[in-house]
Amino acid sequence: MYSRCLTMYFVVIALLLAGLLLAGCVRGTDEDQIITTPTPENGPALFAQHCAGCHGADGKGASGPSIKPPAFERQDLFLIVANGRPGTAMPAFRGQINEVEVEAIMDFLYAE
Ligand code: HEC
């Protein structure tokens, strides 16, 4: 009787340990997901979040100018977005969105 109790005790301990390991794995996955790679599919969402307020939902202009191509050179966009346009309402996004996200936004603007 006593030894069966002991066995149960070990089974419970083993299950608890397995549970902890599993929880650790799940947490690891969550951390991985924070470093998501923006893809072109994120472009519209990123644009809506950061740019549409001034450049219009389709980028064709609102309070800010149209930024649909060929309004600007594609390679210039990185600098414009990173540094903004000093003295205008165009904000600097350096440190707020990364290059991959700018790439996704550009893909969105260049689509069609
Ligand atoms: C608070 C308003 C505002 C937001 C938000 C904003 N812009 Fe602008 N943007 C402007 C204004 C105003 C100008 C015009 C600046 C000027 O007069 O040169 C501009 C200019 C630009 C230009 C240069 C256009 C040209 O023909 O020279 C680009 C490219 C641009 N914005 C891209 C973006 C992108 C991409 C985002 C989102 C990441 C964004 N902007 C967010 C207001 C904004």
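Residues numbered from 1 in each chain as written. Predicted model: local features only at pLDDT ≥ 70, side-chain atom pairs only at ≥ 80, totals over all residues.

**Student:** Give me the lowdown on the overall build of the protein, citing residues and values where you can.
**Tutor:** Across its full length, the protein holds 5 helices and 0 strands. Buried positions account for 12% of the 112 residues belonging to the protein. Expressed as a percentage of contacts within the protein between residues at least 6 apart in sequence, the contacts between residues at least 24 apart total 56%. (Helix = DSSP H or I, 4+ residues; strand = E, 2+ residues; numbered from the N terminus. Buried ≥ 20, exposed ≤ 12 C-beta atoms within 10 Å, placed from the backbone. Contact = placed C-beta atoms within 7 Å.)

**Student:** So what's going on with the site of the ligand? Residues and values would help.
**Tutor:** Near the ligand there are 20 residues, and of these C51, C54, G64, T88 and M90 occur at the shortest range. Contributions of two or more residues to the shell around the ligand are made by α3 (52–55) and α4 (74–83). In terms of residue class, the shell around the ligand is made up of 14 nonpolar, 5 polar and 1 charged. (Near = placed C-beta within 6 Å. Nonpolar A, V, L, I, M, F, W, Y, C, P; charged D, E, K, R; others polar.)

**Student:** Break down the environment of A111 for me, with residues and values.
**Tutor:** Considering the arrangement of structural elements, one finds A111 in the segment after α5 (99–110). Accessibility expressed as a C-beta count within 10 Å gives 10 for A111, which makes it exposed. For the pair A111 and K68, spaced 43 residues apart in sequence, the C-alpha to C-alpha distance is 9.5 Å.

**Student:** Run through the packing of helix α2 (residues 43–50) against α5, naming residues and quoting values.
**Tutor:** In the contact formed by α2 and α5, the axes pass within 8 Å of each other and the chain directions differ by 100°. It follows from the interaxial angle that α2 and α5 lie roughly perpendicular. Where α2 approaches α5, its residues G43, P44, L46 and F47 are matched on the opposing element by E101, A104, I105, D107 and F108. In terms of residue class, the contact of α2 with α5 is made up of 6 nonpolar, 1 polar and 2 charged. (Axes fitted to C-alpha atoms, helices over the stretch in contact; angles between N-to-C directions. Parallel < 35°, antiparallel > 145°, perpendicular 65-115°, else oblique.)

**Student:** Break down the packing of α4 against α5 for me, with residues and values.
**Tutor:** Between α4 and α5, whose axes approach to 10 Å, the crossing angle comes to 130°. By the criterion of interaxial angle, the relationship of α4 to α5 is oblique. Our pair here, α4 against α5, has a crossing hand that is right-handed. Here R74, L77, F78 and V81 of α4 come into contact with α5, specifically with E99, V102 and M106. (Left-handed = near helix turned anticlockwise from the far one by under 90°.)

**Student:** Any chance you could break down the nonpolar core for me, citing the residues and the numbers?
**Tutor:** Counting 10 residues, the largest nonpolar core consists of F47, C51, I67, V81, V102, A104, I105, M106, F108 and L109. When residues in this core are grouped by element, the largest group, 6 residues, is from α5. Once you skip the residues sitting within four places of it in the chain, F47 turns out to touch A52, G59, I105 and F108. (Core = buried A, V, L, I, M, F, W, Y, C linked by C-beta atoms within 7 Å.)

**Student:** Outline the confidence of the model for the protein, listing residues and values.
**Tutor:** With 70% of its residues at a pLDDT of at least 70, the protein reaches an overall mean of 79. The secondary-structure element of the protein with the lowest mean pLDDT is helix α1 (residues 2–34), recorded at 59, while α3 shows the highest, at 97. (pLDDT = per-residue confidence, 0-100.)

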